Amino acid sequence: MEGKLENISATDHRPLITDRTLLEAHEISVRYGEREAVAQVSLRAVPGEITAIIGPNGAGKSTLMRALNGALPVSSGEVTLDGKPL
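Scope of this entry: the structure provided in the associated data block. Source: prediction; values computed, not measured.

The helix and strand tally for the chain stands at one helix and four strands. Taken from N to C terminus, the helices and strands of the chain fall in the order β-β-α-β-β. Across the 86 residues of the chain, 21% fall into the buried class. For the chain, restricting intrachain contacts to residue pairs at least 6 apart in sequence, the fraction spanning at least 24 positions comes to 46%. On the chain, roughly 6,300 Å² of surface is accessible, and the fraction owed to carbon and sulfur atoms is 52%.

Shown next, in the form of structure tokens:
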């Protein structure tokens, strides 16, 4: 069933399958002056999937989230939302 949505019940926990990428980051980096807080991260967020960002304090999780939502500029790489650059 790859690439097609299927009807599932509320108790079925299988992910919806789709070819659509909602949010995508390609090798993004974020710098604070000389300090690199996020280094070359890539990810895809697809409707129906759950993505977790985990790591120790100071690892750059919040900085990554700010870069993904456009609140912080990336120093390199690209973030797209529904195929359009942020």
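Attention now goes to the nonpolar core. Counting eleven residues, the largest nonpolar core consists of Leu-23, Ala-25, Ile-28, Val-30, Val-38, Leu-43, Leu-64, Ala-67, Leu-68, Leu-72 and Val-79. Elements supplying a minimum of two residues to this core: β1 (23-32), β2 (35-45) and α1 (61-68). With four residues, the top contributor of residues to this core is β1.

Across the sheet, which stays open at both edges, the four strands sit in the order β2-β1-β3-β4 with antiparallel pairing between neighbours. At either end of the open sheet lies a strand with only one pairing partner, and these are β2 and β4 (84-85). As judged from the two bridges shared by strand β3 (residues 76-81) and β4, these two strands associate in the antiparallel manner. Bridge pairing in β4 links Thr-80 to Pro-85. Along the sheet, α1 contacts β1, β2 and β3; its crossing angle with β1, the most-contacted strand, is approximately 120°.

Calculation rules
- Residues numbered from 1 in each chain as written.
- Predicted model: local features only at pLDDT ≥ 70, side-chain atom pairs only at ≥ 80, totals over all residues.
- Heavy atoms only, no water.
- Helix = DSSP H or I, 4+ residues; strand = E, 2+ residues; numbered from the N terminus.
- Buried < 20%, exposed > 50% of the residue type's maximum accessible area, 1.4 Å probe, protein only.
- Contact = heavy atoms within 4.5 Å.
- Areas by Shrake-Rupley, 256 points an atom, 1.4 Å probe, with all protein chains shown as cover.
- Core = buried A, V, L, I, M, F, W, Y, C linked by side-chain atoms within 4.5 Å.
- Pairing = 2+ DSSP bridges.
- Axes fitted to C-alpha atoms, helices over the stretch in contact; angles between N-to-C directions.

Coordinates in, geometry out; function isn't part of it.
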